[in-house]
Amino acid sequence: MGKRAALHNLGCKVNAYETEAMRQLLEKAGYEIVPFAPGADVYVINTCSVTNIADRKSRQMLHKARKMNPDAIVVAAGCYVQTAEQPVEEDGMADLVLGNNCKKDLIEALRMFEAAREGNGISAADESGTKDGRVVEKIDINHNHEYENLSITRTEEHTRAYIKVQDGCNQFCTYCIIPYARGRVRSRRPEDVLREVEVLAENGCREVVLTGIHLSSYGSDFEPSSAGHGSCDGAAGTSLLTLIRAVHEVPGIARIRLGSLEPGIVTEEFALALRALPKLCPHFHLSLQSGSTSVLKRMNRRYTAEQFADKCEILRKVFDRPAITTDVIVGFPQETQEEFDTTVQFLEKLHLYETHIFKYSRRQGTRAAAMPGQITETEKGVRSDILIELGERNRSRFEDECAGKMAEVLFEEKEEIGGAEYFLGYTKEYIRAAVPAKEDFSNQVLAGQLGKQIAPHIYLLTQ
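Computed from a predicted model, the values in this text were never measured in an experiment. (Residues numbered from 1 in each chain as written. Predicted model: local features only at pLDDT ≥ 70, side-chain atom pairs only at ≥ 80, totals over all residues. Heavy atoms only, no water.)

J.: How should the overall build of the chain be read in this particular structure?
T.: In terms of helices and strands, the chain carries 12 helices and 19 strands. The C-alpha atoms of the chain give 23 Å as radius of gyration, which agrees with the globular expectation for 463 residues (23 Å, within 12%). Over its C-alpha atoms, taken along the principal directions, the chain stretches across nearly 70 × 60 × 60 Å. Out of the 463 residues belonging to the chain, those deemed buried represent 56%. Of all intrachain contacts in the chain linking residues separated by at least 6 positions in sequence, the fraction that spans at least 24 positions is 72%. Carbon and sulfur atoms provide 49% of the accessible area of the chain, an area that totals close to 20000 Å². Across the chain, the centroid of the 57 positively charged side chains sits 2 Å from that of the 67 negatively charged ones. (Helix = DSSP H or I, 4+ residues; strand = E, 2+ residues; numbered from the N terminus. Rg over C-alpha atoms; globule rule 2.2 N^0.38 Å. Buried < 20%, exposed > 50% of the residue type's maximum accessible area, 1.4 Å probe, protein only. Contact = heavy atoms within 4.5 Å. Areas by Shrake-Rupley, 256 points an atom, 1.4 Å probe, with all protein chains shown as cover. Lys, Arg positive; Asp, Glu negative; His and termini not counted. Charge placed at Lys NZ, Arg CZ, Asp CG, Glu CD.)

J.: I keep staring at the packing of helix 11 (residues 337-350) against helix 12 (residues 377-402) and nothing clicks. Help me out?
T.: The geometry of a pair of packed helices is captured by two quantities: the angle between their axes and the separation between those axes. The N-to-C vectors of helix 11 and helix 12 enclose an angle of 10°; their axes lie 10 Å apart at closest approach. Put simply, helix 11 runs roughly parallel to helix 12. Counted together, Gln 337, Phe 340, Thr 343, Val 344, Leu 347 and Glu 348 of helix 11 and Glu 379, Arg 383, Ile 386, Leu 387, Leu 390, Arg 393 and Asn 394 of helix 12 form the full contact between these two elements. The class makeup of the residues in the contact of helix 11 with helix 12 is 6 nonpolar, 3 polar and 4 charged. (Axes fitted to C-alpha atoms, helices over the stretch in contact; angles between N-to-C directions. Parallel < 35°, antiparallel > 145°, perpendicular 65-115°, else oblique. Nonpolar A, V, L, I, M, F, W, Y, C, P; charged D, E, K, R; others polar.)

J.: Would you mind showing me how to read the state of the cysteines here?
T.: Structurally, a disulfide amounts to a covalent bond that connects the sulfur atoms of two cysteines. If you walk through the whole model with that rule in mind, you get 0 disulfides. Unpaired in this structure, Cys 173 has its nearest cysteine sulfur neighbour in Cys 176, at a distance of 6.2 Å. With no disulfide partner, Cys 402 has as its closest neighbouring cysteine sulfur the one in Cys 281, 13 Å distant. (Disulfide = S-S within 2.5 Å.)

J.: Would you mind going over unusual backbone geometry with me for this structure?
T.: Generally, phi is negative for residues other than glycine and the peptide bonds are trans, each holding for most cases. Positive phi outside glycine occurs at Asn 300, with the angle close to 65°. On the secondary structure map, Asn 300 appears in the loop between helix 9 (293-299) and helix 10 (305-318). Residue Asn 300 is classed as partly exposed on the basis of its relative accessible area of 26%. One non-glycine residue with positive phi stands out, namely Asn 443, at about 65°. Within the secondary structure, Asn 443 is located in the loop between strand 17 (432-436) and strand 18 (445-455). With a relative accessible area of 21%, Asn 443 lands in the partly exposed category.

J.: Teacher, can you tell me more about the packing of aromatic side chains here?
T.: Pairs of aromatic rings are described using the distance from one ring centre to the other and the angle between the two planes. What the rule picks out here adds up to 12 aromatic pairs. Judged by centre distance (5.4 Å) and plane angle (80°), the rings of Phe 36 and Tyr 43 are edge-to-face. There is no split in this pair, since Phe 36 and Tyr 43 are both buried. Aromatic side chains Phe 172 and Tyr 180 sit 5.4 Å apart centroid to centroid with 70° between the ring planes, which places their arrangement in the edge-to-face category. The class of Phe 172 is partly exposed, set by a relative accessible area of 26%. Each residue in the set Tyr 175, Phe 332 and Tyr 360 is aromatic and connected to the rest through ring pairs, giving one cluster. (Phe/Tyr/Trp six-rings, centres within 6.5 Å; stacked < 30°, edge-to-face > 60°.)

J.: Got a minute to help me understand helix 7 (residues 240-248) in this structure?
T.: Each turn of an α-helix holds 3.6 residues, which means side chains three or four residues apart point in the same direction. Most of helix 7 sits inside the fold, with 8 of its 9 residues counted as buried. Residues of helix 7 that are buried include every one of Leu 240, Leu 241, Thr 242, Leu 243, Ile 244, Ala 246, Val 247 and His 248, and no others.

J.: Looking at this model, I keep getting lost on the environment of Asp 95. Mind explaining?
T.: If you trace the backbone, Asp 95 turns up in the loop between helix 3 (79-83) and strand 5 (96-98). Residue classification places Asp 95 among the buried residues on the basis of a relative accessible area of 9%. Separated by 14 residues in the primary sequence, Asp 95 and Ala 109 have C-alpha atoms spaced 10.0 Å apart. Within the structure, Asp 95 has its side chain in polar contact with the side chain of Arg 66 (distance 3.2 Å). (Polar contact = N/O pair within 3.5 Å; in protein donor to acceptor, adjacent residues only side chain to side chain.)

J.: Any chance you could explain the pairing of strand 17 here in plain terms?
T.: In the case of a regular strand, side chains alternate between the two sheet surfaces. Pairing between strand 16 (residues 420-427) and strand 17: 5 bridges, direction antiparallel. Bridging from a neighbouring strand, Leu 424 pairs with Ala 434 of strand 17. The turn joining strand 16 and strand 17, which pair antiparallel and follow one another in sequence, is formed by 4 residues; a positive phi near 70° is taken by Tyr 430. With 3 bridges joining them, strand 17 and strand 19 (residues 458-462) adopt parallel strand pairing. Residue pairing across strands places Arg 432 opposite Ile 458, the latter belonging to strand 19. (Pairing = 2+ DSSP bridges.)

J.: In this structure, what is going on with the sheet that holds strand 11 (residues 255-258)? I would like to understand it.
T.: Hydrogen bonds between backbone groups are what pair the strands of a sheet, and the pairing can be parallel or antiparallel. Pairing is mixed across the open sheet formed by 4 strands, whose spatial order is 9-8-10-11. If you trace the sheet from one side to the other, it starts and ends with strand 9 (186-187) and strand 11, each paired once. When strand 8 (residues 160-167) meets strand 10 (residues 207-212), the two strands line up parallel, connected through 6 bridges. The residue of strand 10 that forms the bridge with Tyr 162 is Val 209. In the packing of helix 6 (residues 190-202) onto the sheet, the strands contacted are strand 8 and strand 10, and the crossing angle to strand 8 comes to about 170°.

J.: Hey, could you run me through the confidence of the model for the chain in this one?
T.: The predicted coordinates should not be examined in detail at positions where pLDDT is low. When pLDDT is averaged along the chain, the result is 91, and 93% of the positions lie at 70 or above. Low pLDDT (under 50) marks residues 121-128, which in the prediction has 12 contacts with non-local residues, meaning those over four places away or in another chain. Segment residues 226-231 is flagged for pLDDT under 50; beyond a separation of four residues in sequence, or across chains, it makes 10 contacts in the model. (pLDDT = per-residue confidence, 0-100.)

Laid out in structure tokens, this is it:
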């Protein structure tokens, strides 16, 4: 019987992409992928460290894996591994420790550990990277300029694939540990991105989502070139826009979505260039964090609330009813009632499609953690509830405006609603839509009119 491996992902879409890449590395090496449950020979946990809570969940999952099979090899990978004050290997949670930029080495690390455990002449003194029988691969991520070139050939979602094109961040927001966990900006070479997209398209994928830790900075680390912004020939001179244009030319891809963007990248020129690409979905996630400029300044965000609003207006001027979504942190240190009220009023006027609300989580190692004026958890909860309710109203308002309009829907899966079977998918604006399951519509694009709601936030597509 072959060896069985189970994987568990914590954290963001970039982590999810890397977990899928490790899954496919294991499959290629002959492992059978099984559920994250008792019985696996190898457990891989791709950890997160964005908050102290994420750290705790990462530790819990490592301990859970150890308990499910004490004889299994437990692999700890990712951001928590990179930033933990107490090295993960010291408390016995993991046999293999793979920091960021080392996940590509998973199979070789497993080979090293198994050889050492089986007594094949490899010991801690014999081969670098081992420690007391464990394999530890961590680099100084803050001084590494290499992009870790993981890739995938398919996705479990079949229809949509997240493509990691960039890693690292140079922003150093006062609440964020990620620059220390992920290092500085590193961009993936465009030819590697295009090769992966082409393979995914050949395997039936119709939609790709370009994502990264700080997507807007894609290409900023490449050497300048006379090729300028109109070329995607090699890395030099490549920007996010030229990468999008190149992906747009891949046969078989019907849609392109973008991950989170910094407001600063949105100019009228940028928006007009995107509008000229029919495959580009008018669905934009602009990171806000607060509607109060004074709070934004304490966060070290590099724009004002007014500038953010201007960027939304550019998108609305260029696109017809673009879906604009955002993130907001409530209860940031020293956030006064007046500053919070300013955020509420700002979001009421802006009428965004979706607003993802996060209660500020104190993260040791960040400047915000040491700030005076920490807000109580009770007050954070009150403020969060207010914005969640407001966000729900704004979402319903946007969807109501789109109802009755023509839309194209890429269908993904079958689901039962009210006792009847439907195929469900998303419009370009990421509104969920359904058609009766009279035939198999999976991975097909259908055009029609968005009609009545048949379930919360699900609209019937009529043809």
